[in-house]
Amino acid sequence: MKTKTITIIGVFTALLCIAGPLTVPLPFTPVPFSLVTLIIYFCANLLGWKKSLYCCLIYFFIGLAGIPVFSGFSSGIAKLAGPTGGYLIGYFFLAFFTGFFAEKFPYSIPFQVLGMIIGSLFLQSLGTLWLSVLTHTTFLQAATSAVLPFLPGDILKIAIAATLSPLLKKYLLKAGI
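Residues numbered from 1 in each chain as written. Predicted model: local features only at pLDDT ≥ 70, side-chain atom pairs only at ≥ 80, totals over all residues. Heavy atoms only, no water.

Visitor: Got a minute to help me understand the overall build of the protein in this structure?
Guide: In terms of helices and strands, the protein carries eight helices and zero strands. Starting at the N terminus and ending at the C terminus, the protein contains elements arranged as α-α-α-α-α-α-α-α. Relative to a compact globule of 177 residues, whose C-alpha radius of gyration would be 16 Å, the protein shows 16 Å and is just as compact. Oriented by its inertia axes, the alpha-carbon framework of the protein measures out at about 50 × 35 × 20 Å. Every one of the 177 residues in the protein was classed for burial, and the buried ones make up 46%. Put simply, of all contacts in the protein between residues at least 6 apart along the chain, 67% involve residues at least 24 apart. (Helix = DSSP H or I, 4+ residues; strand = E, 2+ residues; numbered from the N terminus. Rg over C-alpha atoms; globule rule 2.2 N^0.38 Å. Buried < 20%, exposed > 50% of the residue type's maximum accessible area, 1.4 Å probe, protein only. Contact = heavy atoms within 4.5 Å.)

Laid out in structure tokens, this is it:
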């Protein structure tokens, strides 16, 4: 890997580590509002699937190692086993599908949005399934508390990423990154 590649992976990993703990807890769900998905949308749209998976993997292992980079300044294996553990795993799918579509369709914003939607569906499905198992509720009950309230924010994050990613990519390419 080139130094520029390692650096940009490090920068996006740092952004994940900064955004991860900065969450807004909601009283009706164990799932907090987070900007991690927005960072992953940008990361995957700008770097592609492989490099964005590296970012997610490094972020994941930093948190598992005990550095408080997960929601609410938490870390460790207990977080993975908790109600939001499925979302942590889902980040990999979000990065993959978003990055894959960004690479395959670099000039098609509709296809890039489709990649973000597919990735989000995997993320939400895994997170909801995990939450329903841990809380002994049905998938629908878990989705009602952990997906529906977040849909407007997810739509906004996708719109922001779809709008700004092409501009940021243009500037990164111009800078030789």
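Visitor: Explain the packing of helix α6 (residues 109–135) against helix α8 (residues 151–174) here, please?
Guide: For any two helices packed against each other, the geometry is given by the interaxial angle and the distance between the axes. The N-to-C vectors of α6 and α8 enclose an angle of 145°; their axes lie 10 Å apart at closest approach. The handedness of the crossing between α6 and α8 comes out as right-handed. The segment α6 lies against α8, with Ile109, Val113, Met116, Ile117, Ser120 and Gln124 engaging Asp154, Ile158, Ala161, Ala162 and Pro166. (Axes fitted to C-alpha atoms, helices over the stretch in contact; angles between N-to-C directions. Left-handed = near helix turned anticlockwise from the far one by under 90°.)

Visitor: Would you explain unusual backbone geometry in this entry?
Guide: Outside of glycine, negative phi angles account for most residues, and trans bonds account for most peptide bonds. A positive phi angle, close to 60°, is found at Phe73, a residue other than glycine. Inspection of the secondary structure assignment puts Phe73 in the loop between α3 (49–64) and α4 (77–81). Overall, Phe73 belongs to the exposed group, its relative accessible area being 55%. Positive phi outside glycine occurs at His136, with the angle close to 55°. With respect to the helices and strands, the residue His136 is situated in the loop between α6 and α7 (139–146). Relative accessible area serves as the criterion here: at 73%, His136 is assigned to the exposed category.

Visitor: Looking at this structure, I do not really get the environment of Leu64. What am I missing?
Guide: Inspection of the secondary structure puts Leu64 in helix α3. On the basis of relative accessibility, which here comes to 24%, the residue Leu64 falls in the partly exposed class. Each C-alpha atom of the pair Leu64 and Gly115 lies 28 Å from the other, and the pair is 51 residues apart in sequence. Apart from residues no more than four positions distant in its own chain, Leu64 is found in contact with Phe70, Gly76, Ile77 and Leu80.

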